[in-house]
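Working through the structure, step by step
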Amino acid sequence: MKTDVIIIGAGPTGLSLACQFIRHGIDFIIVEQNEGVTALSKALGVHARTLEIYEQLGLAKQAIEQGTIAEQVKLITGGTIHDGPDLSTMGEGISAYPYMLVLEQSKNEQILYDYLQRHQKEVLWNTTLEQFSQTNNGVTAVVQPKDGEAHTIEAKYLVGCDGASSVVRNTLGFDFIGDTLERLFYVADTQIDWELDHNTLHACLGRDSFIFFFPMAGDRCWRILGNLPEQASPEELEMDATDLEERVKGLTGLSLDILGVNWYSSYRVHTRRVEQFSPGRCFLTGDSAHIHTPAGGQGMNTGIQDAYNLAWKLAFVLKGYSDESLLETYNQERLENAKNLVETTDQFFEFEAGSNWLVSLIRTTVLPPLAKHIFNIDVVQRGLFSLISQTGISYPDSALSHAVDDLNSKVKAGDRMPYFLLKGQSIYDDLHKPMFHLLTFSNEHEDQSISKEIKQAYGLLIDHHALPLSTPVAKAFGIDQPFSVLLRPDNYIGFITQDDPLSELTSYSINFKPA
């Protein structure tokens, strides 16, 4: 069997990578040891940046229809419910998806898998990776179906999307540096009879414990996430509906009935990451490269974005549009993000359940009555949304980010393209094609020569959009004179210039090689 890329693992990360390869026209074989997409809900939160990625695949609308938009956060203390921030509009002006969508991992996987099947691609289910090796020219892997003979697959690259116990990572001999938290956690998918709003995320932050309640699709369906004592009893590790109800009532002070538990699991949390993402022709993505606390619901979203970052770079190299040096930027950009992610989620967790007396006092006494007012402050709201939604991720130090010293823009090279409306439509509506985009903003007479020169010089690698320098554009960038922006295929900014964009293109990092 021969292909361009072998993908090991068909969870959200591996399936997302496969979908992006379809979009870019890259051949692949995807291998998964399980028999199909997960039946368990697992991860829940789908953030704005992930929905922007789904939008390019034509999947955002479907995801939103199947999920539940968490419209508000409310805090519970001693049986009293306090209003918190409004989540439904928290990111207005930042993304077309200014909220958090509650959509369980099983449904995300099914949406992505259906996309594969619609494009006549299939997963090798019930198949394990036995071994692999790489040379300067390619990768050879041996995979073993549950029933049948082993296959040898030859490819140019291999990507490990095979989770925290990654066979790919272990075979490469990479250390998974970090710690295991002493605290135990539990997660339960339940039906609850109570008076709480089903479109609201509820949180109870105790002195040394916490419980989060996430609304799920279905009547009275809720995900409960909490922590257990460090020396939890065997009974606490395997709670039934009665035990769970007693624990929830004791911490929240609320009157409720837990009618049933569909799924319960207890676990310890690890915060670990690798020191590099890409040795030779092999790459790590998602949980195979980094794991962390569940704070902020970052895990599944981060894996999907690892895949998004890697896919276009592999596609450009495989198609001969760029040399292999482009692949070095995957490690450069996503390793730095993983470091920041582990640090940020650790800080979130410390606030949610840490033992420091001052932090405990703030979260249990000071925060609940003031939360609504604190999070209504614009700078706090926008900052928190940018962080949790992952729209604020930036690559300023990447080799693909060319800063222009004399350009005083609010947006910089390496930032995600800002969201705004032009003639009532999202700027992202014109950015779905898997290629670079050069946007020229001006109110002067449209110069057709730029488009012609780009088409002649770069073929289908770059398209050109001549757009009006309207008030939303000037506000988003902080520039009121004509300028141009180069966007990568993942809609991150390569450069912003008020000079001749064609000249800047010739000195850009990628040595474009139009086929």
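The coordinates are above.
In this report, the structure presented in the accompanying data block is examined. (Residues numbered from 1 in each chain as written. Predicted model: local features only at pLDDT ≥ 70, side-chain atom pairs only at ≥ 80, totals over all residues. Heavy atoms only, no water.)

**Details of the packing of helix H1 (residues 12-24) against helix H8 (residues 299-318)**
Let me state the cut-off plainly: Geometry is summarised by axes, namely lines fitted to C-alpha atoms with helices restricted to the contacting stretch, and by angles between N-to-C directions that run from 0 to 180 degrees. Put simply, DSSP H or I for four residues or longer makes a helix, DSSP E for two residues or longer makes a strand, and each gets a number counted from the N terminus. For this classification, under 35 degrees means roughly parallel, over 145 means roughly antiparallel, 65 to 115 means roughly perpendicular, and everything else is oblique. Take the far helix as your reference; a near helix turned counterclockwise from it by less than a right angle gives a left-handed crossing, and one turned clockwise gives a right-handed crossing. What makes two residues a contact is simply this: any of their non-hydrogen atoms within 4.5 Å. In this classification, the charged set is Asp, Glu, Lys and Arg, the nonpolar set is Ala, Val, Leu, Ile, Met, Phe, Trp, Tyr, Cys and Pro, and all remaining amino acids, among them Gly, are polar.
At a minimum axis distance of 8 Å, the contact between H1 and H8 shows a crossing angle of 30°. With respect to each other, H1 and H8 are oriented roughly parallel. Here the hand of the crossing between H1 and H8 comes out right-handed. On H8, the residues touching Pro12, Thr13, Ser16, Leu17, Gln20, Phe21, Arg23 and His24 of H1 are Met300, Gly303, Ile304, Ala307, Tyr308, Ala311, Trp312, Leu314 and Ala315. Taken together, the residues that form the contact of H1 with H8 break down as eleven nonpolar, five polar and one charged.

**Details of the pattern of salt bridges**
Rule in force here: One side-chain nitrogen of Lys or Arg within 4 Å of one carboxyl oxygen of Asp or Glu is enough to make a salt bridge. Any residue under 20% of the maximum accessible area for its type is buried, any over 50% is exposed, and the rest in between are partly exposed; the area is computed with a 1.4 Å probe on protein chains only.
Scanning all chains against the criterion turns up 16 salt bridges. A salt bridge links Arg49 to Glu52, with the shortest nitrogen-to-oxygen separation between them at 2.7 Å. Linking Arg49 with Glu52, this pair stays in helix H2 (residues 48-57), spanning three residues, or about one helical turn. Arg281 is paired through a salt bridge with Glu324; the nearest N and O atoms lie 3.0 Å apart. Placement of Arg281 in the loop between strand S17 (257-273) and strand S18 (282-284) and of Glu324 in the loop between H8 and helix H9 (328-353) is noted, with a sequence separation of 43 residues between them. Judged by its relative accessible area of 12%, Arg281 falls in the buried class. Its relative accessible area of 43% is what places Glu324 among the partly exposed residues. Within the structure, one salt-bridge network assembled from shared partners comprises Lys313, Glu333, Arg488 and Asp490.

**Concerning the environment of Phe212**
Tracing the backbone through its elements, the reader meets Phe212 in strand S15 (residues 210-215). Among the residues examined, Phe212 registers a relative accessible area of 12% and is labelled buried.

**Points about the packing of aromatic side chains**
Rules: To pair, rings of Phe, Tyr and Trp, with the six-membered ring standing in for Trp, must have centres within 6.5 Å; the planes then decide the type, stacked if under 30 degrees apart, edge-to-face if over 60, and tilted in the middle. A ring is considered to have a charge above it if a Lys NZ or an Arg CZ atom is located within 6 Å of its centre and within 35 degrees of its normal.
For the structure on display, the rule yields 27 aromatic pairs. A centroid spacing of 5.5 Å and a plane angle of 85° characterise the contact between Trp312 and Phe436, whose relative ring orientation is edge-to-face. Residue Trp312 is located in helix H8, and its partner Phe436 is located in strand S22 (residues 436-441); the two are separated by 124 residues in the primary sequence. Neither residue differs from the other here; Trp312 and Phe436 are each classed as buried. A centroid spacing of 4.8 Å and a plane angle of 45° characterise the contact between Tyr395 and Tyr492, whose relative ring orientation is tilted. With Tyr395 in the loop between helix H11 (378-388) and strand S20 (421-422) and Tyr492 in the loop between strand S24 (483-487) and strand S25 (493-497), this residue pair connects regions lying 97 residues apart in the sequence. Grouped by ring-pair contacts, the aromatic residues Trp312, Phe316, Tyr321, Phe436, Tyr458, Phe495, Tyr508 and Phe512 constitute a single cluster. Note that Arg169 overlies the ring of Phe176, its terminal NZ or CZ placed 3.7 Å from the centroid.

**Topic: the pairing of strand S23 (residues 462-467)**
The criterion, for reference: Each pair of strands is called paired provided DSSP finds at least two bridges between the two strands.
Among the six residues that make up S23, five are buried, leaving the element largely enclosed by the rest of the structure. Both S22 and S23 contribute to a ladder of six bridges, which runs parallel. Note on S23: the bridge partner recorded for His437 is Asp463.

**Quick look at the environment of Ala289**
Tracing the backbone shows Ala289 in the loop between S18 and strand S19 (290-291). Taking the C-alpha atoms as reference, Ala289 lies 8.7 Å from Leu335; in sequence the two are 46 residues apart. Residues in contact with Ala289, not counting those within four places in the same chain, are Phe176, Arg272, Arg273, Val274, Phe277 and Leu284.

**Thoughts on the packing of H1 against helix H4 (residues 105-118)**
The N-to-C vectors of H1 and H4 enclose an angle of 25°; their axes lie 9 Å apart at closest approach. Comparing their axes, H4 and H1 come out roughly parallel. Taken as a pair, H1 and H4 cross one another with a handedness that is left-handed. In this structure, H1 contributes Pro12, Leu15, Ser16, Ala18, Cys19 and Ile22 to the contact, and H4 contributes Gln105, Glu109, Leu112, Tyr113, Tyr115 and Leu116.

**Topic: the side chain of Asn491**
Structurally, Asn491 can be placed in the loop between S24 and S25. Look past the residues within four positions of Asn491 in its chain and what remains in contact with it is Gln56, Tyr308, Asp415, Arg416, Met417, Tyr428, Leu431 and His437.

**Some thoughts on the sheet that holds strand S4 (residues 68-70)**
An order of S3-S7-S4 is seen for the three strands of this open sheet, with the pairing classed as antiparallel. Single-partner strands in this sheet number two, and they are strand S3 (45-46) and S4. Here two bridges tie S3 to strand S7 (residues 100-102), and the two strands are oriented antiparallel to one another. Within the sheet, the bridge partner assigned to Val46 lies in S7 and is Leu101.

**Notes on the sheet that holds S23**
Ordered in space as S23-S22-S24-S25, the four strands form an open sheet in which the pairing is mixed. At either margin of the open sheet sits one strand with a lone partner, and together these are S23 and S25. Averaged over all pairs of adjacent strands, the angle between their axes in this sheet comes to 15°, without regard to strand direction. Here S24 runs beside S25; their pairing, made up of four bridges, is antiparallel. Opposite Val485, over in S25, you have Ile496 as the bridge partner.

**Description of the side chain of Arg416**
Definition in use: Each polar contact in these results corresponds to two N or O atoms within 3.5 Å; when the atoms are within protein, one needs to be able to donate a hydrogen and the other to accept it, and residues that are neighboring in sequence are counted only if both atoms are side-chain atoms.
Summarising the element assignment, Arg416 is placed in the loop between H11 and S20. A distance of 2.7 Å separates a polar side-chain atom of Arg416 from the backbone oxygen of Ile94. Within polar-contact distance, the side chain of Arg416 engages the side chain of Tyr428 at 3.3 Å. Setting aside chain neighbours within four positions, we find Arg416 in contact with Arg49, Glu52, Ile94, Ser95, Thr391, Ile393, Val411, Tyr428, Asn491, Tyr492 and Ile493.

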